[in-house]
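# Commentary on secondary and tertiary structure
Letter by letter, the chains look like this.
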Amino acid sequence: ALPTAFLGFRCSRASHECARHSRSPSKAMLLLYTCVGHTLPPRALRGAAHGAAYARPLDLGAAYARPLVLRAAQPPLLLLDEESGDINDGGISSVNWVTVDASGPDVEPTEEEGTSVMPLFPLGAAYLPHTTPVLNIFEPRYRAMYNDILFNGARRFMVTNVEPETGALAEVGVVFYLDELKEVSEQTQDRVKYIGQHRVINRVRLRRLLNPSVVATRDTYLKAEVEVLSDSDQQEEGKPDEGLAAEEAAAEELFVSLVDAQKSLGEEPRFTDAVKGSLSFARGTSPSDRGLWGTIGLWQQFLEQRTQVLGQNMQREIQSGVASYLSDNSLREDLVNARGEIRLQDLPPELIAEIEAIQRRYRGEVDALDGEPGSLRFQALLQSDSHRQRLALFCTWLRKEQKRLATRKSLQSLFSSGDAKGEGEGGAPDDKS
């Protein structure tokens, strides 16, 4: 929720009409257990990787609060050189992954200069530097990890992305520094042990896993030897890069033009004019001065909002389809439990096919927008060697969105002129006729 930056989506009363029905299986208030992929914003992660399919209740009696997204394996990230039309990797042709061999031997750290050993917490998301994530900790191995980093005073661990199909780990991740840890086991009946507040303080490269065997046993947490990364174009203090400053100014101008274009087209959701004054494309140094990372985070949150709107639209369409079907048909009483829940596979085949067709169509819309908030594009940003490279990649996304908005504007103008012409031709005859 971004009340200061976005015109947020608001559900109409129509989207909640099903809630007025009883829980009878002949009515529209149903909970379907579906197996769908999910895309949750990184700040919503609670100590477990996301991206894999899982079973969760789908409430057809209320607006869906999160995007229903059918995730697919991501292709390697390639940048298109707009001048030549050729594929140009720009130094980051694909995200680098580290394959985990659980049968491999445990090893000792190399203790090379510039490396350090710390716990590794795999999470299915690309966390951005200078953010302040909150995690809920419930697994015994990660409870032990937090106890250890508190006892030894390190208070830090590596977090890295996970490839959902293979379980490979992203080579580049970030370091979480634990600022505050609250024990909540009593309040949660021990379902959650800790709530941790963190700062993302560094980008790091995974050099080697020290205990890969625990991937199979899950007896304890992973440990890794890591290397802290810094931008290759980091300037010495007092020696600003004037060329880079011009590129940053051009990127800001591009972003502002997108805000104006969204407003003129009535995009939902969209940035408001208020966001213009908070944009920064500088390198960024801390949570209070996030620079480009802050603007990238704002863009990621916008994509979350947009995907959520699509998910809510899809949910309402599913609700409507189910309600229409149940107005003329009934379900077997024995398939619906006392809470009014029914599994997706227990629905009639024709209704399942309709729901799946709706999901595929909305998945296509998300793909067409090329704006999934959990996209590996954000992982590619973490992997970028320099601020300049990161800025160029982000501007590639903005230019693509700019082209989409320009196309939409052209279509709007085309249809508007067509409607006006039709009204003129259908008007009263002139005096000469």
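Look up a bit, the structure's there.
Now for a look at the structure at hand. None of the values given here were measured: they were computed from a predicted structure.

### Details of a nonpolar patch on the surface
Taken together, the side chains of Leu 411, Leu 414 and Phe 415 make up a nonpolar region of the molecular surface, amounting to roughly 320 Å² of accessible area. Structurally, Leu 414 can be placed in helix H7 (residues 387–425). For Leu 414, a relative accessible area of 53% translates into the label exposed.

### Examining the packing of aromatic side chains
With the rule as written, the count across this model stands at 17 aromatic pairs. Each ring, one from Phe 394 and one from Trp 397, has its centre 5.9 Å from the other, and the planes form 80°; the classification is edge-to-face. Linking Phe 394 with Trp 397, this pair stays in helix H7, spanning three residues, or about one helical turn. Trp 397 shares its class with Phe 394; the two are buried. By the ring-pair criterion, three or more aromatic residues cluster together here, those being Phe 255, Phe 271, Phe 281, Trp 299, Phe 302, Phe 378, Phe 394 and Trp 397.

### Description of empty space enclosed by the protein
In the structure shown here, the tally under the stated rule is four cavities of 30 Å³ or more. Within this model, the second largest cavity holds a volume of roughly 40 Å³. What lines the second largest cavity is Ala 125, Ala 126, Tyr 127, Val 159, Thr 160, Asn 161, Val 172, Gly 173, Val 174, Gln 379 and Leu 382. Of all the secondary structure elements, the ones that give two or more residues to the lining of the second largest cavity are strand E8 (156–160), strand E10 (172–183) and helix H6 (376–383).

### A look at the pairing of strand E12 (residues 222–229)
Two strands pair when backbone bridges link them, and strand E6 (residues 115–122) and E12 are joined in this way by six bridges, in the antiparallel orientation. Paired with Leu 120 across the strands is Leu 222, a residue of E12. Of the pairings in the sheet, the one linking strand E11 (residues 194–209) to E12 comprises six bridges and is antiparallel in character. Each residue of the ladder has a partner; that of Arg 205, found in E12, is Glu 227.

### Digging into unusual backbone geometry
Each neighbour pair has its own omega, and for Glu 268 with Pro 269 the value is -5°, a cis peptide bond. Mapping Pro 269 onto the fold places it in the loop between helix H3 (242–265) and helix H4 (292–328). Unlike most non-glycine residues, Glu 111 shows phi in positive territory, near 60°. Assignment of secondary structure puts Glu 111 in the loop between strand E5 (97–98) and E6.

### What to know about the packing of H4 against H6
Between H4 and H6, whose axes approach to 12 Å, the crossing angle comes to 170°. Judged on the interaxial angle alone, H6 and H4 are roughly antiparallel. Facing H4, whose interface residues are Trp 293, Ile 296, Trp 299, Gln 300 and Leu 303, H6 presents Phe 378, Leu 381 and Leu 382. Taken together, the residues of the contact of H4 with H6 sort by class into seven nonpolar, one polar and no charged.

Criteria and thresholds
Residues numbered from 1 in each chain as written. Predicted model: local features only at pLDDT ≥ 70, side-chain atom pairs only at ≥ 80, totals over all residues. Heavy atoms only, no water. Patch = residues over 30% accessible without salt bridge, like charges linked within 9 Å, V, L, I, M, F, W, Y side chains within 5 Å. Areas by Shrake-Rupley, 256 points an atom, 1.4 Å probe, with all protein chains shown as cover. Salt bridge = Lys/Arg side-chain N within 4 Å of Asp/Glu carboxyl O. Helix = DSSP H or I, 4+ residues; strand = E, 2+ residues; numbered from the N terminus. Buried < 20%, exposed > 50% of the residue type's maximum accessible area, 1.4 Å probe, protein only. Phe/Tyr/Trp six-rings, centres within 6.5 Å; stacked < 30°, edge-to-face > 60°. 1 Å grid on protein atoms, 1.4 Å probe; cavity = no way out; pocket = protein on both sides within 12 Å on 5 of 7 lines; lining within 4 Å. Points joined across faces, edges and corners; volume = space filled by probe spheres on them. Pairing = 2+ DSSP bridges. Axes fitted to C-alpha atoms, helices over the stretch in contact; angles between N-to-C directions. Parallel < 35°, antiparallel > 145°, perpendicular 65-115°, else oblique. Contact = heavy atoms within 4.5 Å. Nonpolar A, V, L, I, M, F, W, Y, C, P; charged D, E, K, R; others polar.

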